[in-house]
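Residue-level structure breakdown
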Amino acid sequence: IHKDISPNFGDVAIRQLEGEKTPSLAYSICIDNGIANIYKRDFPTDLENPWIKQWELGSAKEVAIEYNGIWTLDSKKKWYYLKTEEYPYVFYVDNSNILWVQYWNDSATRTQLATGVSQISACRAWQSSDDLNLDQGLIIGYLKSGIVYYRAFCTGQDGISLWETEREVTALGTGNTSLCVFRTNDFRVGFITENSGQICYTLSKRTYAGQSVRPES
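All values derive from a computational prediction rather than experimental measurement. (Residues numbered from 1 in each chain as written. Predicted model: local features only at pLDDT ≥ 70, side-chain atom pairs only at ≥ 80, totals over all residues. Heavy atoms only, no water.)

1. A word on unusual backbone geometry
Test applied: The helix count covers DSSP runs of H or I at least four residues long, the strand count covers runs of E at least two residues long, and both are numbered beginning at the N terminus. Note on classification: 1.4 Å probe, protein chains only; a residue is buried when its accessible area is under 20% of the maximum for its type, exposed when over 50%, partly exposed between these limits.
Each neighbour pair has its own omega, and for phenylalanine 43 with proline 44 the value is 0 degrees, a cis peptide bond. Residues other than glycine seldom take positive phi values, yet asparagine 33 does so here, at roughly 55 degrees. Its location among the elements puts asparagine 33 in the loop between strand 2 (25–32) and strand 3 (35–42). The phi torsion at tryptophan 104 lies on the positive side, around 50 degrees, for a residue other than glycine. Mapped onto the fold, tryptophan 104 is located in the loop between strand 9 (99–103) and strand 10 (111–114). Since its relative accessible area comes to 7%, tryptophan 104 is described here as buried.

Structure representation (structure tokens):
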């Protein structure tokens, strides 16, 4: 995407809509000279499909981009994939260290999530395909004064999705200087940090998504 900025100044999200056999495109967000820009690349990722700038978000110190969606069985009933929405969510930290989220370029959806934030990382975690209320959510992790926190955009019992309140990842303590949120293949979500030259991580409990075994034929 860029040759002149470091990897920590950007993030990538992959789209796969209902009915698509494979992912169809990728969106990226990059900070270039203090300005966050959105890029798009169609698949397959060959020379005929380069990264193309889509729109400018504005000034930012930290950025992340991730899709929300539903874990769905593919048409041949072989595996589950994340059936994404058409556009991803965009997360950014402004020059006042305030963390914001908005759905794509719709500024009307912009929501403040936290203050005093130094770094962020986003991940769409697991949701049960049998019970949609069992939802780890679209997670945004962030550092505040070396402590790991997160908020999750989850489906509630009324079927409405909303941002849960801030929670601290106490297992990782203080003094953290970098953060990455990830999901595992056994239906957990993890937080990995760097702390005084050491790599530390913690995992959640499993949210079994009804996807470990193929459906009966």
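2. Digging into the pattern of salt bridges
Stated precisely, the cut-off is as follows: The working definition used for a salt bridge is a side-chain nitrogen of Lys or Arg within 4 Å of a carboxyl oxygen of Asp or Glu.
Scanning the entire structure with this criterion turns up 8 salt bridges. The shortest N-O distance in the salt bridge between lysine 53 and glutamate 56 comes to 3.9 Å. A relative accessible area of 43% places lysine 53 in the partly exposed class. Owing to a relative accessible area of 49%, glutamate 56 belongs among the partly exposed residues under this scheme. One salt bridge in this structure joins lysine 144 and glutamate 166, with 3.2 Å as the shortest N-O distance. Of this pair, lysine 144 sits in strand 12 (residues 138–144) while glutamate 166 sits in the loop between strand 14 (161–163) and strand 15 (167–168), and the two are 22 residues apart along the sequence. Given the relative accessible area of 34%, glutamate 166 is considered partly exposed. One network of salt bridges, with partners in common, ties together Asp186, Arg188 and Arg206.

3. Observations regarding the sheet that holds strand 4 (residues 52–59)
Within a sheet, adjacent strands bond to each other through the backbone by hydrogen bonds, running parallel or antiparallel. This is how it is decided: A pair of strands is labelled paired if DSSP reports no fewer than 2 bridges between them. Interaxial angles span 0 to 180 degrees and are taken between N-to-C directions of axes, which are lines fitted to C-alpha atoms, for helices over the stretch in contact.
As summarised here, the arrangement of the 4 strands in space is 1-2-3-4, forming an open sheet in which the pairing is antiparallel. Across the chains shown, the open sheet's two edge strands, defined by having one partner strand only, are strand 1 (10–15) and strand 4. Each neighbouring strand pair of the sheet contributes to a mean axis angle of 20 degrees, computed without reference to strand direction. Looking at chain direction, strand 1 and strand 2 are connected through 6 bridges and run antiparallel. Counterpart to glycine 10 in the pairing with strand 2 is cysteine 30.

4. Some points on the sheet that holds strand 17 (residues 189–195)
Pairing is antiparallel in the open sheet, where 3 strands are placed in the order 16-17-18. The open sheet is flanked by strand 16 (176–183) and strand 18 (198–203), the only strands paired with a single partner. Sheet twist, expressed as the mean angle between neighbouring strand axes with direction ignored, is 20 degrees.

5. Comments concerning the environment of asparagine 176
Convention followed: Contacts are assigned to residue pairs that have any heavy atoms within 4.5 Å of one another. Think of a polar contact as two N or O atoms within 3.5 Å of one another; within protein, one of them needs to be a possible hydrogen donor and the other a possible acceptor, and neighboring residues in sequence only count if both atoms come from side chains.
Relative to the elements of secondary structure, asparagine 176 occurs in strand 16. Classification of asparagine 176 as buried rests on a relative accessible area of 5%. Separated by 22 residues in sequence, asparagine 176 and glutamine 198 have C-alpha atoms that sit 9.5 Å apart. Each residue touching asparagine 176, except ones within four places of it in the same chain, is listed here: Leu143, Gly146, Ile147, Val148, Thr193, Glu194 and Asn195. Separated by 3.2 Å, the side chain of asparagine 176 and the backbone oxygen of leucine 172 make a polar contact. In this structure the side chain of asparagine 176 is engaged in a polar contact, spanning 3.2 Å, whose partner is the backbone oxygen of glycine 173.

6. Focus: the pairing of strand 5 (residues 62–66)
The buried fraction of strand 5 amounts to 5 of the 5 residues, a majority that puts the element mostly inside the structure. Note that strand 5 and strand 8 (residues 89–93) share 5 bridges and pair antiparallel. For valine 63, the partnering residue across the bridge sits in strand 8 and is tyrosine 92.

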